[in-house]
Amino acid sequence: GKNRAFTGNDKRRLAISEREIHRLETILQQLLDFAKPMTLDMAETDLNQVIERCTELLEVKLTQQHTCCTVQTDTALPTILADRPRLEQMVINLLLNALDSVGDSGTIVISTMLRHLDTGAFAVIRVQDNGKGISDMEKTKMFEPYFSTKKSGMGLGLAIVNSIVSDHYGVIRVQDNQ
């Protein structure tokens, strides 16, 4: 019989194919997430736990990119009524965006805090990075579906973030560090 073992070049091609399949699956999942109406499964959720879990999930990516991610959680934050998997998806999308912005050897700070306003108490999640920043034009379009500044981007990450935030009766704001 013939030798069916993969040689070096075949192995490399297979690895590339696997990566591409994974990338296409991610794009497809984003399209599906965006196309279908979100049904939220609300439950008491600890936001600080959500943040810790998301940074753990991205640990390998952070290490690969030599990026320092600092987590600052407000222990006074009560649990909130939320769809935990959706919040995790939102935080991961924000962190991936920050990672993309900082390139190699950047810093990201993700924090939670309790804010008291006239209309009540609010849980705040803040993601800060020392990345390349964003133009005023990009700022107006960044939450629109299919708007992307990346070569391989679908432009759905922040659109999904925006819909998760509004489905939780939240508000999202973008600020420059200048």
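Preceding this paragraph is the structure being described.
Predicted model, so just to flag it, every value in this text is computed and none were measured.

A.B. asks: Please explain the pairing of strand E4 (residues 107–117) as it appears in this structure.
C.D. replies: In this sheet, E4 lies alongside strand E2 (residues 68–72) in parallel orientation, the contact comprising five bridges. In the strand pairing of E4, Cys 68 is matched with Thr 107. Relative to strand E5 (residues 120–129), E4 runs antiparallel, the two sharing ten bridges. Bridge pairing links Thr 112 to Ile 125 in E5. Hairpin connection of E4 to E5: two residues between the antiparallel strands.

A.B. asks: Just to check I follow, could you spell out the environment of Thr 67 for this structure?
C.D. replies: Considering the arrangement of structural elements, one finds Thr 67 in the loop between helix H3 (59–64) and E2. For Thr 67, the contacting residues outside a window of four places in its chain are Leu 62, Leu 99, Val 102, Gly 103, Ser 105, Gly 106, Thr 107 and Ile 108.

A.B. asks: I'm lost on the side chain of Asn 93 in this one. Help?
C.D. replies: In this structure, Asn 93 sits in helix H4 (residues 84–102). A relative accessible area of 12% places Asn 93 in the buried class. Here Gly 157 takes part through its backbone oxygen, which lies 3.2 Å from a polar atom of the side chain of Asn 93.

A.B. asks: Would you take a moment to explain the sheet that holds E4 for this structure?
C.D. replies: Strand pairing in a sheet is mediated by backbone hydrogen bonds. Such pairs are either parallel or antiparallel. Taking strand neighbours across the sheet as the criterion, the three strands line up as E2-E4-E5 in an open arrangement whose pairing is mixed. Two strands bound the open sheet, and with one partner strand each, they are E2 and E5. Sheet twist, expressed as the average angle between the axes of neighbouring strands with direction ignored, equals 15°.

A.B. asks: I keep staring at the pattern of salt bridges and nothing clicks. Help me out?
C.D. replies: A pair can form between side chains of opposite charge whenever their charged atoms are brought close. Using the criterion set out here, one finds five salt bridges in the structure. Where Lys 139 meets Asp 136, a salt bridge forms, and the shortest distance between an N and an O atom there is 3.8 Å. Of this pair, Lys 139 and Asp 136 both sit in helix H5 (residues 136–141), three residues apart, which is roughly one turn of that helix. Look at Lys 139 and you get partly exposed, because its relative accessible area is 25%. Judged by relative accessible area, which is 60%, Asp 136 ranks as exposed. The residue Lys 139 makes a salt bridge to Asp 176 at a minimum N-O spacing of 3.1 Å. Taken together, the residues span a long stretch of sequence, with Lys 139 in helix H5 and Asp 176 in the segment after helix H6 (157–167) at a distance of 37 residues. Within this structure, Arg 53, Arg 84 and Glu 88 form a network of salt bridges that share partners.

Reading the values: rules and limits
- Residues numbered from 1 in each chain as written.
- Predicted model: local features only at pLDDT ≥ 70, side-chain atom pairs only at ≥ 80, totals over all residues.
- Heavy atoms only, no water.
- Pairing = 2+ DSSP bridges.
- Helix = DSSP H or I, 4+ residues; strand = E, 2+ residues; numbered from the N terminus.
- Contact = heavy atoms within 4.5 Å.
- Buried < 20%, exposed > 50% of the residue type's maximum accessible area, 1.4 Å probe, protein only.
- Polar contact = N/O pair within 3.5 Å; in protein donor to acceptor, adjacent residues only side chain to side chain.
- Axes fitted to C-alpha atoms, helices over the stretch in contact; angles between N-to-C directions.
- Salt bridge = Lys/Arg side-chain N within 4 Å of Asp/Glu carboxyl O.

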